[in-house]
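Structural overview for review
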Amino acid sequence: MTAVRIEGLTKDFLTGFWRPTPKRALDGLSLEIPAGGVFGLLGPNGAGKSTTLKLLLGLLRPTSGRIDLLGRPPGDTAVHQRLGFLPENPTFYDHLTAEELLTYFAGLFGLTGEARRQRAAAVLDRVGLEADRRRPLRGYSKGMIQRVGLAQALVNDPELVILDEPMSGLDPIGRRDVRAMIADLGRDGRTVLFSSHILSDAEELCDEVAVLARGRLVLHGRVADLTSRDVTGWHVVVSGGEADHYRAWAPGTTVQPLAGGRYALDLPADLRPETLVTALPSMGAALESVSPRRASLEDVFVRAVGEPVTPAGTAR
Ligand SMILES: Nc1ncnc2c1ncn2[C@@H]1O[C@H](COP(=O)(O)OP(=O)(O)OP(=O)(O)O)[C@@H](O)[C@H]1O
Ligand SMILES: [Mg+2]
């Protein structure tokens, strides 16, 4: 089942006041997002992530191309009943409490009386705000506002949840909590589409990712297929010895001095770390740690964004 189908989507913005000229923000994007699970839309600043999400929501009209969202066109009001959206950096009227705001949103989706109150309580509970629900939003931290935004996106029990940079501006604990909530939504059988440039979050959360750069799709696939589980080398930390000795000992090894007379050595894949470890005492050094290096989503991303590649069958 496909939740979102995008075909040849292009968006030009007219920029400049006196002589408006079109600027291409999105260039022929074609993408299918499967129903159920977490899909990451990645890319550096200005890549076209928010533009894509706004086109999906019907907030922008495409210059050309087609969008099919849960089997319907994006402007369709019936689709909006089945959709949740968290905008980038949400702000709310801050004299309301979280409970008042969510009760109001629940009312917009046709709930009344006790059902409406219960839905507001359930989503606030789900995002961990039950204890603060009677406090006005003006006293909330950024992380708490982000949770209110998530609660708002979930108030209509949506099948498809679209989140624009849900982890941005949060501290590590806030990021971890939001990550856990997104993973939960995917396990519930909902489709979550979120944009991010924080690759470790995407690597942990997503079944599939698409990478945009300068408005074009440069990479698309399952995270497990994109990142290599093969060892591409060894990362060794030693204390003592001298950088020149390490360089002379194994050409091809990069040596990075660390604080406290320690060195980080990156050995090529064909050099076993044991040979270095046994040689350390003769160099007046001791082993601190050895870890395998694997291609991460970050390596794949940097390669893809640096030089656009279009894998067969995924991009036009
Ligand atoms: N309303 C607009 N008018 C003119 N240009 C726009 C408009 N919205 C976006 N753009 C341009 O389109 C390009 C893509 O912007 P978009 O906001 O989609 O990027 P993004 O991937 O979401 O970036 P970020 O990570 O910074 O949020 C940028 O060059 C941006 O300046
Ligand atoms: Mg954006």
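On to the overall build of the protein chain. Broken down by element type, the protein chain carries 11 helices and 13 strands. Overall, the C-alpha framework of the protein chain stretches about 80 × 50 × 45 Å when taken along its three principal axes. Burial statistics for the protein chain: of 316 residues in total, 34% are counted as buried. At a minimum sequence separation of 6, the contacts of the protein chain that also span at least 24 residues come to 69%.

With that out of the way, let us pick up the sheet that holds strand β1 (residues 2-15). Within the open sheet, the 3 strands sit side by side as β2-β1-β4. Their pairing is antiparallel. Sheet topology places β2 (21-34) and β4 (64-69) at the edges, where each strand pairs with a single neighbour. This sheet shows a mean twist of 20° between the axes of neighbouring strands, independent of strand direction. Judged from the 5 bridges that link them, β1 and β4 form a sheet pairing that is antiparallel. Bridge pairing in β4 links T10 to S64.

Before going further, it helps to spend a moment on the site of ligand 1. The environment of ligand 1 is made up of 13 residues, and the closest members are F13, A25, K49, S50 and T51. Contributions of two or more residues to the shell around ligand 1 are made by β1, β2 and α1 (49-56). Counting residues per element, the shell around ligand 1 draws most heavily on α1, at 3 residues. Partitioning the shell around ligand 1 into residue classes produces 3 nonpolar, 8 polar and 2 charged.

Let's shift gears to the domain arrangement of the protein chain. Where interface size is given, it is often the accessible area lost as the parts come together that is meant. Looking at the assigned domains, one finds that the protein chain contains domain 1 (2-227) and domain 2 (231-294). When each unit is reduced to the centre of its C-alpha atoms, the spacing between domain 1 and domain 2 is 44 Å.

This next bit is on the sheet that holds strand β9 (residues 216-222). Taken in spatial order, the 6 strands make up an open sheet running β5-β6-β7-β3-β8-β9, and their pairing is mixed. In this open sheet, the two strands that pair with only one neighbour each are β5 (83-86) and β9. Averaged over neighbouring strand pairs, the angle between their axes works out to 15° when direction is ignored. By the bridge criterion, 4 bridges tie β5 to strand β6 (residues 160-164) in an arrangement that is parallel. Looking across to β6, one finds that L83 is bridged to L160.

Definitions and cut-offs
- Residues numbered from 1 in each chain as written.
- Chains lettered and ligands numbered in written order.
- Predicted model: local features only at pLDDT ≥ 70, side-chain atom pairs only at ≥ 80, totals over all residues.
- Helix = DSSP H or I, 4+ residues; strand = E, 2+ residues; numbered from the N terminus.
- Buried ≥ 20, exposed ≤ 12 C-beta atoms within 10 Å, placed from the backbone.
- Contact = placed C-beta atoms within 7 Å.
- Pairing = 2+ DSSP bridges.
- Axes fitted to C-alpha atoms, helices over the stretch in contact; angles between N-to-C directions.
- Near = placed C-beta within 6 Å.
- Nonpolar A, V, L, I, M, F, W, Y, C, P; charged D, E, K, R; others polar.
- Domains from an automatic or database assignment.

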